[in-house]
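# Fold and contact review
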Amino acid sequence: MGAGVVAVSIAFVVWSDMRPGYDAYGWLVWGRQTLHWDLDTNGAPSWKPLTFLFTLPYSLLGSLSLWLWMVTAVAAGLSGSVFAARIAFRLTGAAPERRYAAWGAAAFAGLGILGLDGYWQLVLQANSDPMIISLCLAAIDCRLSGRPRAAFAALVLAALGRPEVWPFVALYVLWAWRALPSMRLLAAAGVAIIPILWFSVPAMTSHNLLTPGDLALNSAHALTGSKISGVIGRFLALNELPVRLAALLAVVLAVVRRDRASLLLTAAACLWVAIEIGFALHGWSAVPRYMAEPAAVVVVLAGAAVGQLLTAAPQATVMVSWGAPAVAVILVGSLVPAAGTRAREVHNQIRQVRTDTTKIKRLQAVIDRDGGGTRIRACGQPVGDVGYQSILAWDLGMNVGNVGYEPGRSINEGHPIVLFKRHELGWTVRPIHTRAADRARCRRLRADTPRR
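The present account deals with the structure reproduced in this document. Computed from a prediction, not measured in an experiment: that's the story for all the values here.

## Digging into the sheet that holds strand 4 (residues 447–448)
One open sheet holds the four strands; their spatial order is 1-2-3-4, and the pairing between them is mixed. Bordering the open sheet on either side are strand 1 (381–383) and strand 4, each of which pairs with just one other strand. Strands in contact with helix 17 (residues 336–369) are strand 2 (417–423), strand 3 (426–432) and strand 4; relative to strand 3, the strand with the most contacts, it is inclined by about 40°.

What follows is the structure, given as structure tokens:
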């Protein structure tokens, strides 16, 4: 299964002609600049250790690191479906003669993860959020499979990507410390690794060790109005109404069946949303993708509900034995229109990604034509639109924070700059306020790429 996921991911990256988004280019810059002993994390994106664990070793392979990260991100995103399917299969609790019900639950949960609102956009941007979703689901799967150490390892890795996971690591350590004394050394190491990796690198490469949190404050995506209702609304919007109703049914069935695993998953999802509410009240953005993990748990619970409806016992009343599977079929059928909408959205997103890739390729071409990053930097600070700041940093061999992202302000300040301006699908490059001694050499940087 793992080999299949990697193979599909490679094919998808090549076929879609995707390129990373703003944050992912920034993570690639971290790895490269660390190898050059020149890492500066004062600029966006805000620091997270999880991606650094990949981009640092990948940077040893130079420009190939871009492709390695894209394949890694896509494979991690697709693996979330596998783990969701495994969990739903297990929660269904179907008897051997009704194993088809568990397979139905697995299919529902696996496809449901891919149907989360905005999921494919994150995958196409090579974002880390699908990876964190997969790690959280992997932790749940390993715990249900009787592999507590593997579950803890997955949870620690997820905690290196999102601070919302930290309380869950703490709760797991409290449980393991008492229930599994042999895990105490591993638990202590995991608890120590999280703050070390989160705070030591910013402490050495930025103004202070709290820089990641400071960068996340006052985001343009922060909620206005009621933070509590706003966070809950964003969370609920990640899943379609039939999925939410099915998850609610799963909770009811879990209470009736005294299904401890499903009830713990429900409590974990609620706790995550409560943590996000606290973050929003503090001033952080609480964007929907930060709640995709509990939304994935909702999908798993909904899948388990479908499986349990399909496995209605033969000895039950005629109404239950026939009515329950009928409800499952109606539930799945009600999601067909939404699935069609999601498919069209993904199709449009892939078209947009290919357009954006054209722009990125032309930007790389004009930089190469002008002699590369060293010659361009010698003529002034590179400046471009904020959306392309990390891409410019990657192409020019710079830290993201050293690339200008406010062209108007940079021009008004009067310092030498090299302006990269998007023009439809092309680029216009202009040296501005060039020093007199450099004008003859820098004049040739003036370039215009095709617009179409």
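Read on for the rest.
## Observations concerning helix 17
Under the 1.5 Å per step criterion, the end-to-end length of helix 17 is 50 Å for 34 residues, consistent within 8% with the ideal 50 Å. For helix 17, every residue scored as buried is listed here: A338, R342, V346, I350, V353, T357, K359, I360, R362, L363, V366 and I367. Within two residues after helix 17, G371 carries a phi angle of roughly 105°, on the positive side.

## Details of the pattern of salt bridges
Here the structure, examined in full by the defined rule, presents 15 salt bridges. Linking R19 and D17 is a salt bridge whose minimum nitrogen-to-oxygen distance equals 3.7 Å. For R19, a relative accessible area of 10% corresponds to the buried category. Here D17 falls in the partly exposed class, since its relative accessible area comes to 23%.

## Examining the state of the cysteines
Applying the stated criterion to the full structure yields one disulfide. The disulfide partner of C379 is C442, and the gap between their sulfur atoms is 1.9 Å. Where C379 bonds to C442 through sulfur, the torsion about that S-S bond is close to -90°, and the disulfide is left-handed. Within this pair, whereas C379 is found in the loop between helix 18 (373–377) and strand 1, its partner C442 is found in helix 21 (residues 439–442), the two being separated by 63 residues in sequence. Taken individually, C379 and C442 each receive the classification buried, so the pair is uniform in this respect. Between C136, a cysteine without a disulfide, and C142, which holds the nearest cysteine sulfur, the sulfur-to-sulfur distance is 12 Å. Relative accessible area serves as the criterion here: at 12%, C136 is assigned to the buried category. Looking at C142, the relative accessible area reads 9%, which means it is buried.

## Description of the environment of L155
Structurally, L155 is set in helix 8 (residues 148–159). Among the residues examined, L155 registers a relative accessible area of 12% and is labelled buried. Through-space distance from the C-alpha of L155 to that of I140 is 8.8 Å; in sequence the pair is 15 residues apart. If near-sequence neighbours (up to four positions away) are discounted, L155 is found in contact with A139, V165, F168, V169 and Y172.

## Side note on unusual backbone geometry
A positive phi is found at A126, a non-glycine position, where the angle reads about 55°. Tracing the backbone shows A126 in the loop between helix 6 (119–124) and helix 7 (129–144). Backbone geometry at R258 places phi at a positive 55°, although glycine is not the residue there. Mapping R258 onto the fold places it in the loop between helix 13 (241–257) and helix 14 (260–282).

## What to know about the environment of F199
For F199, the location among the structural elements is in helix 10 (residues 184–205). Taking the relative accessible area as the measure of exposure, F199 reaches 27% and is therefore partly exposed.

## Quick notes on the nonpolar core
Ranked by internal contacts, the top residues of the largest apolar core, which has 129 residues, are M18, W69, L137 and F420. With 14 residues, helix 15 (residues 292–310) is the largest single contributor of residues to this core. When sequence neighbours within four positions are dropped, the list of residues in contact with F420 reads L363, I367, I376, P382, V383, G384, D385, L392, W427, T428 and V429.

Thresholds, definitions, all that
Residues numbered from 1 in each chain as written. Predicted model: local features only at pLDDT ≥ 70, side-chain atom pairs only at ≥ 80, totals over all residues. Heavy atoms only, no water. Pairing = 2+ DSSP bridges. Helix = DSSP H or I, 4+ residues; strand = E, 2+ residues; numbered from the N terminus. Contact = heavy atoms within 4.5 Å. Axes fitted to C-alpha atoms, helices over the stretch in contact; angles between N-to-C directions. Expected span 1.5 Å × (residues − 1). Buried < 20%, exposed > 50% of the residue type's maximum accessible area, 1.4 Å probe, protein only. Salt bridge = Lys/Arg side-chain N within 4 Å of Asp/Glu carboxyl O. Disulfide = S-S within 2.5 Å. Core = buried A, V, L, I, M, F, W, Y, C linked by side-chain atoms within 4.5 Å.

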